[in-house]
Amino acid sequence: MYSKITLFLAGLSLLAFLFMSTLIFMNGEKILISVSFSHNVLYLLILIDRDQTLRLEKTPRGEQEMSMITDRIALTKALLSKPQILKAKPSVNRFLLQYLRKFRAVKVGNNLILHSHLPPVNSKAYTRFIKEHLLSKIAGPSHAQIAVTNACPQNCEYCYNKDRKGKVIDTETIKTVIRDLKELGVFWLGFTGGEPLLQKDIVKITESVGDDCAVKLFTTGCTLTEQLARDLKNAGLFSVSVSLDHWKAEEHDKVRNYPGAFQTALKAIEVFKDIGGVHVGVSAVLSKDMIEKNQVEEFLDFLIGLEVHEAWLSECKPSIAEFWTDDLVITEQERLNLVELQDRYNKEGRITVNYLAHFEGKEHFGCNAGHKMVYVDPFGEVSPCVFIPLTFGNVRDTSVRTIVKEMRKFFPSEDTCFINKNYGIIQKYFKGNAPLGVSESVKVVEEACFGPRSRFFTLHYRR
C-alpha cells in the first residue's frame, strides 16, 4: 500500500511534468511523458502533433485546436486529482490511458466528459470506478439500465422491449432498485423505457440517485418541455441521448412508426442544448442496410451539423424474433470498420463517436452482460442487458442484490456480444413472450457459447 505522502509526491511530480509539457508544446513538439514511481508506472500520454499546434490567428480551425488542447489539459488535471489510480497495475494503467487518448475530453458545465458510457472524469462516480472496481475489484456490476416505464408513443420495429409484458413497477420500487444497485457497485445508470419522460416521477427518480452515480437519459423527446429539461439537469442528469436513426425525416419516422418522430427529436436536441450544462447526444440504431451501403459517415456528418456532443451508436441487435437471422446480424469485419470509423472521427475532434461495440469489443472491455451490466425492465424482470430477453428473477419477489449475484454466476466477462452469437439458442426456447422464464433462461446460458476475456479484463484479473 502507498502512503498519502507517497501519492502526494507522485501527483506533484506529474504536475511538474505537465508544466514542462506545456512549455514543450509551445514549440510544437510531440511529447510523451512517462512517470515512474516505486515499482508502479503511470504513463501520462499527451500527444500533440505538429499539424495540431495552436494557431494564434482567429480561425475556426485554430479555435477548435485551442479548445481541444484546453480540454486535454483539463483531462490531465482531472486524472492527476485522483492519485489513487497509481495503485493499479502498470499494465492496466497503460491500457486505460491508451484508451482515454482515443477520445477528446469535453467540458460541459462543471463536468469533464470523455464519452457518456463513462461518468464525468472529475466526478464522484468516476472516483468510485477507480476505488471499487479498478482497485478493490468488487464482483458487482458497474453499469445498469432501468426501464422506468413501458409507455411509449412510438413503435420501433427493432424495439427490444416489444415482447415484454406485465405490471409496471412503481416509483418506490424503482428507488429501492437504484439503492440496491449502487450498493452492489453501480456508478452509471441509464434511464430508458418505453419513453422515460412519460414516467411522472422521472425527476424525483433522477434526484434519488445522488451525486456518486452518473445518470444518463435515453429519450425520443416526446413530451419534453424546457422546464422538464431544466428540472432533470438540476436533479443530477449529466447526459442525454435523443433517439435519431437517420438524417432523412421520412426514414426515421418510418422505422419508428410515428409521423413527426424526426422533428420531435430535433426539437428535443435544441431544448437540451439551449438550457446548457447537459451533455447532449444522439442515440442511433444503425440498420444493416445503412452499414452495408457505407452510409454511416453521411449520417455522422449530419449529426456534426446539429452540433451535438456525441453520437451513441449501436447496430440492430437480434433481440426479437423479427431479427433472428444471420443476414441481419453484423459481421466482425463490419464491426471493425465501425471501430475504425469511430477512431478516425474522434481524432478529428468535431464530434465524439461512441459506438457500443467499440467499448465492448475484444480489444477493449468486451461484453459484460450479466457481469458488469444489468437491466431491469419496466415490469421488474432482471436481465443481463437490454438486448438479452432472459430473466433471472423479478424485483417484486426477490431483491435485485440477490438476483444479480445469482445471475453473475452464469455470465463471465467475455470478448464478444452474447446476443449476437447466441440468439439461436433463445429462439429454440422462445414461446412468444419475453423474457424467457428463469428456468428457460438458465437452460439458454448453460448451452451458450462464451468466449475468452477482453483485453482489459485479461490484464485486470491477471496475477
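Refer to the structure presented above.
Residues numbered from 1 in each chain as written. Predicted model: local features only at pLDDT ≥ 70, side-chain atom pairs only at ≥ 80, totals over all residues. Heavy atoms only, no water.

**Q** Talk me through the packing of aromatic side chains; I want residue IDs and the actual numbers.
**A** For the structure on display, the rule yields 22 aromatic pairs. Aromatic side chains Trp188 and Trp312 sit 6.3 Å apart centroid to centroid with 10° between the ring planes, which places their arrangement in the stacked category. Residue Trp188 is located in strand β6 (residues 188-192), and its partner Trp312 is located in strand β10 (residues 310-315); the two are separated by 124 residues in the primary sequence. Of the residues examined, Trp188 reaches a relative accessible area of 0% and is grouped as buried. (Phe/Tyr/Trp six-rings, centres within 6.5 Å; stacked < 30°, edge-to-face > 60°. Helix = DSSP H or I, 4+ residues; strand = E, 2+ residues; numbered from the N terminus. Buried < 20%, exposed > 50% of the residue type's maximum accessible area, 1.4 Å probe, protein only.)

**Q** How would you sum up the side chain of Lys216? Please name residues and give values.
**A** Inspection of the secondary structure puts Lys216 in strand β7 (residues 214-219). The buried charged residue Lys216 lacks any salt bridge partner; its closest oppositely charged side chain belongs to Glu310, at an N-O distance of 4.3 Å. Here the side chain of Lys216 touches Ser239 through a polar contact of 3.2 Å, side chain to side chain. The residues contacting Lys216, other than those within four sequence positions of it, are Ser116, Trp188, Leu189, Gly190, Phe191, Leu237, Phe238, Ser239, Val240, Ser241, Glu310 and Trp312. (Lys, Arg positive; Asp, Glu negative; His and termini not counted. Salt bridge = Lys/Arg side-chain N within 4 Å of Asp/Glu carboxyl O. Polar contact = N/O pair within 3.5 Å; in protein donor to acceptor, adjacent residues only side chain to side chain. Contact = heavy atoms within 4.5 Å.)

**Q** Report on the sheet that holds β10, specifying residues and quantitative values.
**A** Here we have nine strands laid out as an open sheet, ordered β11-β10-β9-β8-β7-β6-β5-β12-β13, and mixed in their pairing. The sheet is open, and its two borders are formed by β11 (352-355) and β13 (382-383), each paired with just one other strand. Of the strand pairs in this sheet, β7 and strand β8 (residues 237-243) are connected by five bridges, and their pairing is parallel. Directly across from Phe218, in β8, lies its bridge partner Ser241. Running at roughly 160° to β11, helix α12 (residues 332-348) makes contact with β9 (279-286) and β11 of the sheet. (Pairing = 2+ DSSP bridges. Axes fitted to C-alpha atoms, helices over the stretch in contact; angles between N-to-C directions.)

**Q** Account for the pairing of β10, with residues named and values stated.
**A** Burial analysis of β10 places six of its six residues in the buried class, which makes it a mostly covered element. As defined by bridge partners, β9 adjoins β10 across six bridges and the pair is classed as parallel. Note on β10: the bridge partner recorded for Gly281 is Glu310. In terms of strand pairing, β10 meets β11 through four bridges, oriented parallel.

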